[in-house]
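Below are the chains, spelled out letter by letter.
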Amino acid sequence: MYRNLTQLVDVRGQVKRNGSFASRSWTQITGIARHHSATTSGDAFSFANYHVNTLGWPGIGYHFVITKDGTIQWANSIDRVSYHVGNNNTPLIGICLVGNGSFTAAQEQSYFDLVTALRSTSGINVAVSNLRGHNEYPGHASNVCPGINMDVVRTAIVKGHPVGNHGHPVLRRGDSGPDVLVLQNDLLAAGESLPQFGADGGFGAETEEAVRSFQRRMDLTVDGVAGSQTWEALDRAKVEGRLVVVTAASVNVRSRPSFAADAVAGQVVQGEAFTVVEIVSVSGSSSALYRLVSGLYITTNENYVTLR
Ligand SMILES: [Zn+2]
């Protein structure tokens, strides 16, 4: 039940209002729309002020706002038809993540937890295919909101984990077990140190400091918590400077991170090797490419290439 989520704060009685939205029954709810705020800061209170004072709405447009630290602000009862996807609002719950196309691990965890809880709430039926981004609704294609590839979001939901953490749980001080061991080995491989305890499977102060050090070095949010952005950055760090060797007869190289035909810049053949700079994601695809020192891109698919 979404009301029981530990990150949830009920602000329905505190946010600015001027009137009320129409109501609906829960059985009318068939979809959950994801939004970003297109701002780097803000919360349900500031968005409510804008929606009421400037836009003249009865209240804040979203049902939930997820702030940078992962707090879920519950701003409208879900039986309210609030305003967040024009002409599509009646069946939709609106969730806004504060950010402008970039979200914290804590936010992705909270989005995952909230969507999972809403979908398992008795009386609400939302298929994974109806978890959509603002710009996936009719008439909204030109909107940049929600600032994330929703195929990635839906795939993560199906796989049962938050966006971007590759199936690793979000880990923090006090956790222990095999996932922590993977994290510690990845940190060591990325050049961080665990001088006293090494990779021991326990997430204590030393591991937290190594995570913070890595996050600082990678220009990530420095919170000492290994979430989606940290896991992704660890994946990238593990490949930098390594050689990718072509194992198939021939493989395309690409001029930009795209699988489009006009991005093919040429072909390389079996046995050729290239130095990797990083792994990059490809818009509209769950596959990734290696960026090479030459500036070209090559597949990461292990059926065609291998890392040395
Ligand atoms: Zn939106």
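Bear in mind the structure is a predicted one, so any value in this text is a computation, not a measurement. Residues take numbers from 1 onward in each chain, read along the sequence in its written order. Only residues with pLDDT of at least 70 are given local features in this predicted model, and only at 80 or more are side-chain atom pairs given and counted; all residues enter the totals for whole chains, interfaces and linings. Each side-chain value is worked out from all heavy atoms of the structure, with water and hydrogens disregarded.

Turning our attention to the packing of aromatic side chains. Stacked, edge-to-face and tilted are the three classes for Phe, Tyr and Trp ring pairs, Trp counted by its six-membered ring, which pair at centre distances within 6.5 Å; planes under 30 degrees apart are stacked, over 60 edge-to-face, the rest tilted. In this structure the tally under the stated criterion is six aromatic pairs. Judged by centre distance (4.8 Å) and plane angle (80°), the rings of F21 and Y83 are edge-to-face. A residue pair is termed long-range when its members are at least 10 positions apart, and F21 in the loop between β1 (8–10) and β2 (22–23) and Y83 in the loop between β6 (80–81) and β7 (92–97) qualify at 62 residues. Look at Y83 and you get partly exposed, because its relative accessible area is 34%. With a centroid separation of 5.4 Å and an interplanar angle of 80°, the aromatic rings of W57 and Y83 are classed as edge-to-face. Here the residue W57 occupies a position in the loop between α1 (44–54) and β4 (64–66), and Y83 occupies one in the loop between β6 and β7, the gap between them amounting to 26 residues. The exposure class assigned to W57 is partly exposed, which follows from its relative accessible area of 24%. One aromatic cluster is present, formed by Y2, F64 and W74 through successive ring pairs. A ring is scored as having a charge over it whenever the NZ atom of a lysine or the CZ atom of an arginine sits within 6 Å of its centre and within 35 degrees of its normal. Taking NZ or CZ as reference, R34 lies 5.0 Å from the ring centre of F103, over its face. In this text, helices come from DSSP runs of H or I with a minimum length of four residues, and strands from runs of E with a minimum of two, each type numbered from the N-terminal end. Exposed residues in this analysis have more than 50% of their type's maximum accessible area, buried residues have under 20%, and partly exposed residues fall in between, with area computed by a 1.4 Å probe over protein chains only.

Another aspect to go through is the pattern of salt bridges. By convention in these notes, a salt bridge is any Lys or Arg side-chain nitrogen within 4 Å of a carboxyl oxygen on Asp or Glu. One pass over the structure, following the stated rule, counts nine salt bridges. One salt bridge connects R34 with E108, and the closest N-O pair in it is separated by 2.9 Å. A residue pair is termed long-range when its members are at least 10 positions apart, and R34 in strand β3 (residues 31–36) and E108 in helix α2 (residues 105–119) qualify at 74 residues. When its relative accessible area of 0% is taken as the criterion, R34 is described as buried. By relative accessible area, E108 is classed as buried at 4%. Here E208 and R173 are joined by a salt bridge, their closest N and O atoms 3.3 Å apart. In this pair, E208 sits in helix α5 (residues 205–217) while R173 sits in the loop between α3 (150–159) and α4 (178–189), placing the two residues 35 residues apart along the sequence.

Now for the nonpolar core. Nonpolar side chains tend to gather and get buried jointly when the protein is soluble and globular. Ranked by internal contacts, the top residues of the largest apolar core, which has 28 residues, are Y2, F64, I95, Y111 and L118. Counting residues per element, the ones that place at least two in this core are β4, β5 (72–74), β7, α2 and α3. Broken down by element, the residue count for this core peaks at six residues, all from α2. As used here, the term nonpolar core means buried Ala, Val, Leu, Ile, Met, Phe, Trp, Tyr and Cys residues forming a set that is joined through side-chain atoms within 4.5 Å. The next biggest cluster of nonpolar side chains, apart from the first, holds 16 residues, and it includes L194, A210, V211 and L234.

The next thing to look at is the coordination of the zinc ion. Counted as donors are the N, O and S atoms within 2.8 Å of the metal, or 3.2 Å for Na, K and Ca, while water is not among the atoms, so some sites may look incomplete. Protein-derived coordination of the zinc ion comes from H35 (ND1), H134 (ND1) and C145 (SG), at a distance range of 2.0 to 2.3 Å. Mapped onto the sequence, the residues coordinating the zinc ion show the spacing H-x98-H-x10-C. Placement of the pair is H35 in strand β3 and C145 in the loop between β8 (131–133) and α3, with a sequence separation of 110 residues. This pair shows no difference in class: H35 is buried, exactly as C145 is.

Further remarks concern the sheet that holds β1. Here six strands make up an open sheet; going across it, the order is β1-β5-β4-β7-β3-β8 and the pairing mixed. Looking at the sheet topology across the chains shown, the edges are occupied by β1 and β8. Ignoring strand direction, the axes of neighbouring strands in this sheet form an average angle of 25°. Pairing analysis gives three bridges linking β1 to β5, with the strands arranged parallel. Paired with V9 across the strands is Q73, a residue of β5. By definition in these notes, contact holds between two residues if any of their heavy atoms fall within 4.5 Å. Structural elements are reduced to axes, namely lines fitted to C-alpha atoms, with helices fitted over the stretch in contact, and the angle between N-to-C directions of any two is expressed from 0 to 180 degrees. Sheet strands in contact with α2 are β3, β4, β5, β7 and β8, and its direction is about 165° off that of β7. Note on pairing: DSSP must find at least two bridges between two strands before they are called paired.

Turning our attention to α2. Each helix should span, by expectation, one fewer than its residue count multiplied by 1.5 Å. With 15 residues, α2 should cover 21 Å at 1.5 Å per step; its first-to-last C-alpha distance of 21 Å lies within 8% of that length. Within α2, the full set of buried residues consists of A105, Q107, E108, S110, Y111, F112, L114, V115, A117 and L118.

Here the focus is the domain arrangement of the protein chain. These domain limits were set by an automatic method or by a database of domain assignments. Annotation of the protein chain at the domain level lists domain 1 (2–159), domain 2 (178–238) and domain 3 (243–307). One C-alpha centre belongs to domain 1, the other to domain 3; they are set 37 Å apart.

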